[in-house]
Amino acid sequence: MRVVIAEDLALLRDGLTRLLTAFGFEVVAAVDNGPALLPALTTHRPDVAVVDVRLPPTFTDEGLQAAIAARTQVPGLPVLVLSQHVEQLYARELLSDRSGGVGYLLKDRVSDVGQFVDAVRQVASGGTVMDPEVVAQLLARRTRDEPLAGLTAREREVLGLMAEGRSNAAVAGRLFVTEKAVSKHINSIFSKLGLPPSDDDNRRVLAVLTYLDA
Amino acid sequence: MVSQTLHPWIRSLRPWGRRGLLCALRGLPDAALAVTANIALIVLSVLSVLTTVVGVGLFAVPVVTAAVRRVANLRRRLAGTWAQVPIPVPYRPEPDGRQNPWQRYRRTVTDPATWRDLLWLLLEIPVGLVLGLVPTLLILYGLLGVVLEPVLLGVVLGPFGYAATWPVDDLATRLLVFPQGVLILATGLAAAPLALRVHALFARWLLAPTRSAALTRRVRDLTESRAETVDAQAAELRRIERDLHDGAQARMVAVGMTIGLAEELVGRDPQAAQRLLGEAREASSRALVELRDLVRGIHPPVLAERGLSGAVQALALAVPLPVRVRVDLPGRPAAPVESAVYFAVAEALANVTKHSRARTAWIELTHTDGRLVAVVGDDGDGGADPDRGTGLPGIGRRLAAFDGTMTVTSPPGGPTVVTMELSCELSSRKTWPSSGTA
């Protein structure tokens, strides 16, 4: 699997390169600034990009902007965005093109190597992986939006875990229920959110998006 | 017929006449005050100053001055409410604690405002008398010409005249009385608001703080707010130092130790080493969480990345109720201002979720005439007291460092609206276009 990495701190850039290489990824480019990122993404067209939000020269959100710009040129280009902090605002912006293949994680999560590599693979295959912190922020809010108000507490829990990018099996393991029960919940979520039967992956993305928009 | 055609014309004159009459009436207490209080106080002031030689003035001057200030303050208030000429109070503030008579005397006589008050006392006597009475006298004399003259001329015996026609003894002069009366009445009504305003401007000339007094006051305010800012900043830095010292720093020491231990063990007991490495990773994650919270409190990353409008949007997303956000800033304020406004809005929003039981809230950020205005409102219970608790006064202190102000309106039953204002320039850096409901 071909990867582009964007990270300005050499220590972390090299670490990420080493880590991903060790798990069989091929790092085709590792850039350290914003302006170089967009061309790297559009020319290499990697299977997945791992991008730091904040990059030189302005140290604002250039990584995020470049990722979003690249996805308008190459629809569905899988991007996993890393940051020292997570904001729902950014999560929404990343997901707003509704095409999936998006991840948004705290940098801390890299230390759990197995889970991190899983997340990269999920994003590469078109899944959506939101940091548990984003999901926790959402769970802390009162239900106030019509589409989500109809969900049961358990369904909201399932939706939260889906947002974190967990598979049905992982959700089942986490909630100590059978996979069959999970897929029943998920179907109920889809119908309550008014998502017509279609490609299952895309419905998951749309459900997560509804969740974040609430 | 005639009355009907005249009617709209007269009606249009009515508010004008009422205003003239009201202003003329207001001139009367002005004039009365000038001849009573001012004459009495100027006499007392001169006496008290003269008796300082024999020591009596030491006690009398502050007492008389206090009375003078009451009258002057009344004048200031009247100028503001009657003539819309607000006059700030120029006196130096009372010092804290008790003072001995000498200190009090010295403070009184060294305040330039004391002596300007005296000058005003003196000049106000003729000025107040003339400006206060003339409109009323004109109106009365005009009325005499309009109403009484045609009636009385037939009754009153002997030589009689009115205004420019003197004596009135034939038909030609009699016919001139009425128009003259109308003219004088109109002049009186027109002059009354003018006289009131001129009187107020005269008061402002002597009773408002001089430029240097205003500057002195401003320097004092700034010194105060700067001292508060410096204190608050020092306390903040101490808190950050303590948090780092006890938190992330200590954890990293532990991480280093654990890894060192694992290094030792890796040959002899690989399983124990692996467990230790796991612990080290846990500890490093906790250190990161602490650092992240700390950084949020110092300068929220989203503020650095997106500026005020983006950061306020992010704030709105993080509270558990719908918040309408409207940001209309043509550029970005300086970083310290952004930070102050951000934390002020965050605090106000935190109060909304903590206390108000609101169902919705709204945030508005606008910039007009060099002033940035931030409004945080909610439809909750109301009854918020800006002096209670630590949140709202904290906002006030934060904004005071930038010469900003905060006002809270919170009637029982709501809505509560916190308005924060500070003057600042915007740079041309574009902000993110943003408005919507979060």
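Just so we're clear, the structure is a prediction, and the values are computed from it rather than from any experiment.

**A closer look at the overall build of chain A**
Then, number 1: Within chain A one finds 11 helices and six strands.
Then, number 2: For chain A, with 214 residues in total, the buried portion stands at 44%.
Then, number 3: Pairs at least 24 apart in sequence give 63% of the contacts found in chain A among residues at least 6 apart.

**Concerning the overall build of chain B**
Then, number 1: Helix and strand content of chain B: 11 helices and eight strands.
Then, number 2: Across the 438 residues of chain B, 30% fall into the buried class.

**Observations concerning the interface of chain B and chain A**
How big an interface is tends to be reported as the loss of accessible area on association of its parts.
Then, number 1: On the side of chain A, 15 residues touch chain B, which itself brings 18 residues to the contact.
Then, number 2: At the level of secondary structure, the elements contributing two or more residues to the side of chain B that touches chain A comprise α8 (270–298) and α9 (301–318) of chain B.
Then, number 3: Across the side of chain B that touches chain A, the residue classes tally to 10 nonpolar, four polar and four charged.

**A few points about the sheet that holds strand β2 (residues 26–31) of chain A**
The pairing of strands in a sheet comes from backbone hydrogen bonds and takes either a parallel or an antiparallel form.
All names here are of chain A.
Then, number 1: Taken in spatial order, the six strands of this open sheet run β2-β1-β3-β4-β5-β6, and their pairing is parallel. The sheet is open, and its two borders are formed by β2 and β6 (128–130), each paired with just one other strand. For this sheet the average axis-to-axis angle between neighbouring strands, irrespective of direction, equals 15°.
Then, number 2: Each of β1 (2–6), β2 and β3 (48–52) touches helix α1 (residues 10–22); the most contacted strand, β2, lies at about 170° to it.
Then, number 3: Sitting on the sheet, helix α2 (residues 34–44) touches β1, β2 and β3, and the angle it makes with β2 is about 155°.

**Some thoughts on unusual backbone geometry**
Then, number 1: Cis geometry is adopted by the peptide bond preceding Pro 57 of chain A, which originates at Pro 56 of chain A and carries an omega value of 5°.
Then, number 2: Checked against the element boundaries, Pro 57 of chain A lands in the loop between β3 and α3 (62–73).
Then, number 3: At Asp 403 of chain B, a residue that is not glycine, the phi angle is positive and equals roughly 65°.
Then, number 4: Along the chain, Asp 403 of chain B falls in the loop between α11 (391–400) and β5 (405–409).

**Remarks on the nonpolar core**
Then, number 1: Among the nonpolar cores identified, the biggest contains 102 residues, and Leu 80 of chain A together with Val 312 and Val 345 of chain B are the most heavily contacted of them.
Then, number 2: Listed in part, the 31 residues of the second largest apolar core include Cys 23, Ile 139, Leu 189 and Leu 207 of chain B.

**A few points about the packing of helix α2 (residues 56–83) of chain B against helix α3 (residues 101–110) of chain B**
Residue and element names in this part refer to chain B.
Then, number 1: Contact pair α2 / α3: the axes reach a minimum separation of 9 Å and the direction vectors enclose 50°. Comparing their axes, α3 and α2 come out oblique. Regarding α2 and α3, the two cross each other, and that crossing is left-handed. Residues Leu 58, Phe 59, Val 61, Pro 62 and Thr 65 of α2 pack against Pro 101, Trp 102, Arg 104, Tyr 105, Thr 108 and Val 109 of α3.
Then, number 2: Classifying every residue of the contact of α2 with α3 gives eight nonpolar, two polar and one charged.

**Some words on α8 of chain B**
Every α-helical turn comprises 3.6 residues, leaving residues that sit three or four positions apart pointing alike.
Then, number 1: A rise of 1.5 Å per residue sets the reference length of α8 of chain B, with its 29 residues, at 42 Å; its end C-alpha atoms lie 42 Å apart and thus fit the reference within 8%.
Then, number 2: Burial in α8 of chain B covers these residues: Leu 276, Ala 280, Ala 283 and Ala 287 of chain B.

**Some words on helix α10 (residues 335–355) of chain B**
All names here are of chain B.
Then, number 1: End to end, α10 covers 30 Å across 21 residues, agreeing with the expected 30 Å (1.5 Å per residue, within 8%).
Then, number 2: Regarding α10, the residues found buried are Val 337, Glu 338, Ala 340, Val 341, Tyr 342, Ala 344, Val 345, Ala 348, Leu 349, Asn 351 and Val 352.
Then, number 3: Buried residues belonging to α10 abut α9, β2 (332–333), β3 (361–368), β4 (371–378), α11 and β6 (416–423).

**Details of the confidence of the model for chain B**
Reading fine detail from the predicted coordinates is not recommended where pLDDT is low.
Residue and element names in this part refer to chain B.
Then, number 1: Residues at a pLDDT of 70 or more form 92% of chain B, whose mean pLDDT is 84.
Then, number 2: Contacts of residues 430–435 to residues separated by more than four positions or lying in other chains number 18 contacts, the stretch itself having pLDDT below 50.
Then, number 3: As scored by the predictor, the complex reaches a pTM of 0.64 and an ipTM of 0.76.

**Re the pairing of β3 of chain B**
Residue and element names in this part refer to chain B.
Then, number 1: Pairing between strand β1 (residues 323–328) and β3: six bridges, direction parallel. Each residue of the ladder has a partner; that of Arg 324, found in β3, is Trp 362.
Then, number 2: Sheet analysis places β3 next to β4, joined by eight bridges and oriented antiparallel. Pairing of Leu 365 across the sheet is with Ala 374, part of β4.
Then, number 3: Hairpin connection from β3 to β4: two residues lie between these consecutive antiparallel strands, with Asp 369 at a positive phi of about 50°.

**Re the environment of Arg 92 of chain B**
Residue and element names in this part refer to chain B.
Then, number 1: Note that Arg 92 resides in the loop between α2 and α3.
Then, number 2: Assessed through the 16 C-beta atoms surrounding it within 10 Å, Arg 92 is described here as partly exposed.
Then, number 3: Each C-alpha atom, one on Arg 92 and one on Ala 113, is 8.4 Å from the other, the two residues being 21 residues apart in sequence.

**Observations regarding the pairing of strand β4 (residues 79–83) of chain A**
Strand residues, when the strand is regular, have side chains that alternate between the two faces of the sheet.
Residues and elements named next belong to chain A.
Then, number 1: Counting buried positions along β4 yields five of five residues, so the element is predominantly enclosed.
Then, number 2: Judged by which residues are buried, β4 turns out to be covered on both faces: Val 79, Val 81 and Ser 83 on one side and Leu 80 and Leu 82 on the other are all buried.
Then, number 3: Pairing between β3 and β4: four bridges, direction parallel. Across the sheet, Ala 49 pairs through a bridge with Val 79, a residue of β4.
Then, number 4: Between β3 and its parallel partner β4, the chain crosses via α3, and the hand of that crossover is right-handed.
Then, number 5: In terms of strand pairing, β4 meets strand β5 (residues 102–106) through five bridges, oriented parallel. Bridging across to β5, Ser 83 finds its partner in Leu 106.
Then, number 6: Each parallel crossover has a hand, and the one from β4 via helix α4 (residues 88–95) to β5 is right-handed.

Parameters and conventions
Residues numbered from 1 in each chain as written. Chains lettered and ligands numbered in written order. Predicted model: local features only at pLDDT ≥ 70, side-chain atom pairs only at ≥ 80, totals over all residues. Helix = DSSP H or I, 4+ residues; strand = E, 2+ residues; numbered from the N terminus. Buried ≥ 20, exposed ≤ 12 C-beta atoms within 10 Å, placed from the backbone. Contact = placed C-beta atoms within 7 Å. Nonpolar A, V, L, I, M, F, W, Y, C, P; charged D, E, K, R; others polar. Pairing = 2+ DSSP bridges. Axes fitted to C-alpha atoms, helices over the stretch in contact; angles between N-to-C directions. Core = buried A, V, L, I, M, F, W, Y, C linked by C-beta atoms within 7 Å. Parallel < 35°, antiparallel > 145°, perpendicular 65-115°, else oblique. Left-handed = near helix turned anticlockwise from the far one by under 90°. Expected span 1.5 Å × (residues − 1). pLDDT = per-residue confidence, 0-100. Right-handed = clockwise from strand over helix to strand, strands pointing away.

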